Amino acid sequence: MDFASSSLFNVNFAYEDELDFSCLISPSTFISFQEPNPSNPIIHCAGTENDGRQRIRETTMTDEITKENVEPKNKRAKHREIERQRRQEVTSLFQNLRNILPFHYIKGKRSSSDHVQEAVNYIKDLQKKIKEVSEKRDRIKRSITHPSSTGECPIRSSASSYCSCVGDTHIDVKRVLIKRVKRLLLNNSRLRLEEVSMAESSAPPLILVHRPPSLDYLDERLSRHFQILNTHASSPDPLPVFLSRHASSIRAFVNIGRLPIDAELLSHLPSLQLLVCTSVGTDHVDLAECKRLGIAVTNAGDAFSEDVADCAVGLLINVLRRIPAADRFVRSGNWAKSRDFQLGTKVSGKRVGIVGLGSIGSLIAKRLEPFRCIISYNSRSHKPSIPYRYYPDILSLAANNDVLVLCCALTDQTRQIVNREVMESLGKGGVIINVGRGGLIDEKEMVKCLVEGVIGGAGLDVFGNEPEVPEELFGLDNVVLSPHAAVATPGSLDNVTEVALANLKAFFSNQPLISPVRLD
Amino acid sequence: MESIGVLMMCPMSSYLENELQKRFNLLRFWTCPEKSVFLETHRNSIRAVVGNASAGADAQLISDLPKLEIVSSFSVGLDKIDLGKCKEKGIRVTNTPDVLTEDVADLAIGLILALLRRLCECDRYVRSGKWKTGDFQLTTKFSGKSVGIIGLGRIGTAIAKRAEAFSCPINYYSRTEKRDVGYKYYPTVVELAQNSDILVVACPLTDETRHIVNRQVMDALGAKGVLINIGRGPHVDEQELVKALTQGRLGGAALDVFEQEPHVPEELFGLDNVVLLPHVGSGTVETRNAMADLVVGNLEAHFSGKSLLTPVV
């Protein structure tokens, strides 16, 4: 454990001369640590071979005995009680010390006096480090700005938060420079970024962003309102190392993509209060752990609903009418050779069973109505206000439909909800459309059912182990395969950016979140 | 009726062949090597012709068959039948309207989605294993895009209704403005193209509508616009279309029909922003069987002296 990773010592430079560790110990025991001094009784007792607790007690007792000479005897009991409490507090102080001291300070140390000694050493080390770092910071600052820079330049614009004036010459120090300073500081001192950020006055809130390298669509919009600590751009460190080094005071985390958020990862974000996901599904997040830690989670809300519904209907028509297979047929020149193309299946009038009638499912139903499709559904609960027929279990839904559309969340209850039995009851003309998650289907069985003709076809945007796709599907004309692209349109990305921003703004201004995920 | 000669022009449906064979003396035109000898041999027994969108009854065939009474077409469009000649000679003509309206409209929406959401390209991408090594590009949203329909007949209206459910504003062009439809009318195809993201050809092929989508219309549609043709190949100036697509002046095209079927311009084969189908607008098992039933029903009605089910002439 190094200095930078200890979240407990969150030191503000403004107060670096008066270290206040009061937050470390119980409120009733306020002890101000001071520089080691031979005349200081605490340091003296800590230096002895004996048990520190005992010595402290003795030291205190001596004081009390002196007082006792002038006080009535009936106060002795009261003093004993006070003494008992003090001893308890001291015990808890040592316990706290053990907890907060980095391991290499307490390694092999047993007695409390050793602990106190090591605590003093630790504080001395910290102060030394802080002094070095702040000197380094000042040196770098001096090297890029004029020392007289106090922000009082009359032409300092709001766009440039830093300004340096040499005589009457206004020098505009752009944010780029500040970023460079930050980077230098980070590289040289292993300082936490938020500590450097404190040096900036009225800085926008700092948020943590994790995203795949190609998904940069949020960066520009977010950076207008927030300072971004980007895991991807900032560091070559492995993610846990990066997080514990730089993100321990992060309160809001935007997770773009499908990085699994588990208890281990959350343990590196001790100050986290908000997790913003840019997907609709949150099956990659340990929601129970978030609930336990009091972290609110938001998802993409309705941002993707239209695009996913469009994709579902597109896959449905493309599978039934064999559009990609027909396109392959024409491009390969087979039509010109007057070969026959196998007829497709009519879409209009088909019975379509929707699994999960949420915002996406409802939009799919709405789109299929002018196709005269007969809609029924299965979901966690019957929705009496909706005119579509409800089936309480997926087996009867499959038995009564030509097409099964999966657009529900992946949970423990819905994992592999489509098993062989469901596919058998859907039957050989039946088609499965999956725009939910790959885990909703028993993929191995589905491949068998497609190859054996147990079901008629499938349109799949999602798979069990993306980007791996069972190769048996590649040769089939009755399947349409899509690389989890149901949400990937500029319109959807604009929408999700708005939703993420709205959630972040609500969080930082203590307003209700826009699209919170139920944590149960 | 078993003695009545019914000439079938080309293979179109095995179900239809079976149904015809059960009732009539079915003659398969495509199986005979010498067409003129064949016609000469059967000229006095053939009383009916069954054609479709690619092979009908032209003036030559009509004059070669003096006993011809009825042409029953396995299609909606009758551009392969010389209707003037039929009228002149008192030959009845039937088609198969309505039964394929839904299929063509379904396919039009399927093609729009396939093109904008790049479903065929997605499918190729996954099958080729490229997904493992990279991210697929972004695609284009369909919901809310403006759809311009050329020809607001049965098929055009069915397309409009489906597109409405995707929150699309609907525009149309037709010979006359239709009241009570609630869609925006444009008096020219160029104006329609200028004001639409998606242009769908859904009108019958006539002399007036040949090359109704020309270079000017394609340029009005523009580099972000897409063309959907589920009408007939000659509605679109194909040479200009290939140029517009390869030069990037048009955003994309989804085509079920071509000028010289089954020949498709090979320049299109390498493009990712096109979807190419082998004229399958009505190509579903359900509809083909319903169409076959109509063809057979019209012939039976004619030869038993009842009124035709779906007469045109």
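Residues numbered from 1 in each chain as written. Chains lettered and ligands numbered in written order. Predicted model: local features only at pLDDT ≥ 70, side-chain atom pairs only at ≥ 80, totals over all residues. Heavy atoms only, no water.

1. Quick notes on the overall build of chain B
Rule in force here: Here a helix means four or more residues in a row that DSSP labels H or I, a strand means two or more in a row labelled E, and each is numbered from the N terminus. All radius of gyration figures rest on C-alpha atoms, and the globule criterion is 2.2 Å times the number of residues raised to 0.38. Throughout this description, buried means an accessible area under 20% of the type-specific maximum (1.4 Å probe, protein chains only), exposed means over 50%, and partly exposed covers the range between. Every residue pair with non-hydrogen atoms within 4.5 Å of one another is taken to be in contact. Only the protein chains shown count as cover for residues, with accessible areas throughout obtained via the Shrake-Rupley method and a probe of 1.4 Å. His is not counted here, nor are the chain ends, while Lys and Arg score as positive and Asp and Glu score as negative. A charge is said to be at NZ when it belongs to Lys, at CZ for Arg, at CG for Asp and at CD for Glu.
On a plain count of helices and strands, chain B comes out with 11 helices and 12 strands. Taking 20 Å as the expected radius of gyration for a compact globule of 313 residues, we find that chain B reaches 21 Å, a close match to that expectation. For chain B, the proportion of its 313 residues judged to be buried stands at 58%. Across chain B, the fraction of contacts at a sequence separation of at least 24, relative to all contacts at a separation of at least 6, is 57%. Per element, the accessible surface of chain B, about 12800 Å² overall, is 46% carbon and sulfur. Positive and negative side-chain charges of chain B, numbering 35 and 38 respectively, have mean locations separated by a distance of 2 Å.

2. Quick word on the environment of Ser267(A)
Residues and elements named next belong to chain A. Test applied: Any pair of nitrogen or oxygen atoms within 3.5 Å is treated as a polar contact; in protein, a donor-acceptor pairing is required on top of that, and neighbouring residues in sequence qualify only through side-chain atoms on both sides.
Within the secondary structure layout, Ser267 lies in the loop between helix 11 (263-266) and strand 6 (274-277). In this structure the C-alpha to C-alpha distance between Ser267 and Ile386, which are 119 residues apart in sequence, comes to 43 Å. A polar side-chain atom of Ser267 sits 2.5 Å from the main-chain carbonyl oxygen of Glu264.

3. A look at the packing of aromatic side chains
The line we're drawing: Pairing of aromatic side chains requires ring centres within 6.5 Å, counting the rings of Phe and Tyr and the six-membered ring of Trp. Pairs whose planes differ by under 30 degrees are stacked, by over 60 edge-to-face, and all others tilted. For a Lys NZ or an Arg CZ to count as sitting over a ring, it must be within 6 Å of the ring centre and within 35 degrees of the ring normal.
A complete count under the given rule lists 11 aromatic pairs over all chains for this structure. Between Phe142(B) and Phe166(B) the ring centres are 4.8 Å apart and the planes differ by 45°, which places this aromatic pair in the tilted class. You can see Phe142(B) sitting in the loop between helix 6 (119-127) and strand 6 (147-150) and its partner Phe166(B) sitting in the loop between helix 7 (154-164) and strand 7 (170-173), a full 24 residues away along the chain. Given the relative accessible area of 0%, Phe166(B) is considered buried. Chaining the aromatic ring pairs together yields one cluster made of Phe226(A), Phe507(A) and Phe508(A). Above the ring of Tyr186(B), the side-chain terminus of Lys184(B) is found at 5.0 Å from the ring centroid.

4. Some thoughts on the interface of chain A and chain B
Where we set the bar: Computed with a 1.4 Å rolling probe, the buried area is the accessible surface lost when two parts are put together, summed over both parts. In what follows, salt bridge is the name for a side-chain nitrogen of Lys or Arg lying within 4 Å of a carboxyl oxygen of Asp or Glu. Ten residue types, Ala, Val, Leu, Ile, Met, Phe, Trp, Tyr, Cys and Pro, are classed as nonpolar, four, Asp, Glu, Lys and Arg, as charged, and the remainder, Gly among them, as polar.
Chain A puts 60 residues into the contact, and the matching count from chain B is 58 residues. Of the roughly 5000 Å² buried at the junction of chain A and chain B (both faces included), carbon and sulfur atoms supply 60%. Together, Arg321(A), Arg331(A) and Trp335(A) form the three largest contributors to the area buried by chain A at its contact with chain B, with a combined 17%. The interface formed by chain A and chain B holds 10 salt bridges in total. A salt bridge links Glu306(A) to Lys141(B), with the shortest nitrogen-to-oxygen separation between them at 3.2 Å. Taken together, the connections running from chain A to chain B amount to 31 residue pairs in polar contact (both at pLDDT 80 or more). Counting only elements with at least two residues in the side of chain A that touches chain B, the list comes to helix 13 (305-320), helix 14 (323-331), helix 15 (359-368), strand 14 (479-481) and helix 19 (490-508) of chain A. A total of nine residues in the side of chain A that touches chain B trace back to one element, the largest contributor, which is helix 13 of chain A. For the side of chain A that touches chain B, the residue count by class is 32 nonpolar, 13 polar and 15 charged.

5. Some thoughts on helix 18 (residues 443-452) of chain A
All names here are of chain A. Regarding helix 18, the residues found buried are Glu443, Glu445, Met446, Val447, Cys449 and Leu450. Those residues of helix 18 hidden inside the fold are in contact with helix 17 (420-426), strand 13 (457-460) and strand 14. Positive backbone phi, at 80°, marks Gly453, one or two positions downstream of helix 18.

6. Some details on the pattern of salt bridges
Taken as a whole and assessed by the stated rule, the structure comprises 41 salt bridges over all chains. In this structure, Arg87(A) engages Glu83(A) in a salt bridge whose closest nitrogen and oxygen atoms are separated by 3.8 Å. One end of the pair is Arg87(A) and the other is Glu83(A), both in helix 3 (residues 76-100) and four residues apart, which spans about a single turn. For Glu83(A), a relative accessible area of 4% translates into the label buried. For Glu102(B), the salt bridge identified is with Arg372(A), shortest N-O distance 2.6 Å. You can see Glu102(B) sitting in helix 5 (residues 101-116) and its partner Arg372(A) sitting in the loop between helix 15 and strand 9 (374-378), one on each of two chains. Relative accessible area serves as the criterion here: at 46%, Arg372(A) is assigned to the partly exposed category. Several salt bridges share partner residues, and in doing so they unite Arg420(A), Glu424(A), Glu445(A), Lys448(A) and Glu452(A) into one network.

7. Section: the sheet that holds strand 6 of chain A
Residue and element names in this part refer to chain A. Here is the rule we go by: For two strands to be treated as a pair, DSSP must find at least two bridges joining them. Working convention: axes come from line fits to C-alpha atoms, limited for helices to the stretch in contact. Angles between N-to-C directions cover 0 to 180 degrees.
Taken in spatial order, the five strands line up as 4-3-5-6-7 in an open sheet, and their pairing is parallel. Of all strands in the sheet, those with a lone pairing partner are strand 4 (227-230) and strand 7 (296-298), marking the two edges. The sheet shows a mean angle of 25° between the axes of neighbouring strands, taken without regard to direction. Contacts between helix 19 and the sheet are confined to strand 3 (206-210), strand 5 (252-255), strand 6 and strand 7, with strand 6 contributing the most and set at about 170° to the helix.

8. A few points about the sheet that holds strand 8 (residues 351-355) of chain A
All names here are of chain A. With respect to topology, seven strands assemble into an open sheet ordered 10-9-8-11-12-13-14, the strand pairing being parallel. Of all the strands in the sheet, the pair left with one neighbour each is strand 10 (389-390) and strand 14. Here strand 8 runs beside strand 11 (residues 403-406); their pairing, made up of four bridges, is parallel. Directly across from Val352, in strand 11, lies its bridge partner Val403. Of the strands in this sheet, strand 8, strand 9 and strand 11 are in contact with helix 15, which crosses strand 8 at around 170°.

9. What to know about the UniProt feature "domain: D-isomer specific 2-hydroxyacid dehydrogenase NAD-binding" (unreviewed entry) in chain B
The condition that has to hold: UniProt positions are given in the numbering used here, feature names are shortened, and annotations may be inferred rather than shown by experiment.
UniProt records the feature "domain: D-isomer specific 2-hydroxyacid dehydrogenase NAD-binding" (unreviewed entry) at residues 109-281 of chain B, using the numbering of this structure. Along residues 109-281 of chain B, the helical share is 29% and the strand share 14%, with 11 Å between the first and last C-alpha atoms.

10. A word on the state of the cysteines
Heads up, the rule is: The term disulfide is used for any two cysteine sulfur atoms that are within 2.5 Å.
One pass over the full model with this rule turns up zero disulfides over all chains. As a non-bridged cysteine, Cys120(B) has Cys122(B) as the owner of its nearest cysteine sulfur, 9.2 Å distant.

11. Focus: the packing of helix 1 (residues 14-23) of chain B against helix 11 (residues 285-303) of chain B
Residues and elements named next belong to chain B. Where we set the bar: Here is the rule for angles: anything less than 35 degrees is roughly parallel, anything more than 145 is roughly antiparallel, 65 through 115 is roughly perpendicular, and the remaining ranges are oblique. It is the rotation of the near helix from the far one that decides the hand of a crossing: anticlockwise by less than a right angle makes it left-handed, clockwise makes it right-handed.
Close contact between helix 1 and helix 11 brings their axes to 9 Å; oriented N to C, the two are set at 25°. The orientation of helix 1 with respect to helix 11, classified from their angle, is roughly parallel. Note on packing geometry: the crossing formed by helix 1 with helix 11 is right-handed. Here Tyr15, Leu16, Glu19, Leu20 and Arg23 of helix 1 come into contact with helix 11, specifically with Asn289, Ala292, Asp293, Val295, Val296, Leu299 and Glu300.

12. Quick look at the packing of helix 14 of chain A against helix 6 of chain B
Remark: helix 14 of chain A packs on helix 6 of chain B, axes separated minimally by 9 Å, with the N-to-C direction vectors making an angle of 80°. Relative to helix 6 of chain B, the element helix 14 of chain A is oriented roughly perpendicular. Contact residues: helix 14 of chain A offers Ile323(A), Pro324(A), Asp327(A), Arg328(A) and Arg331(A), while helix 6 of chain B offers Cys120(B), Asp123(B), Arg124(B) and Arg127(B). Class assignment for the residues of the contact of helix 14 of chain A with helix 6 of chain B results in three nonpolar, no polar and six charged.

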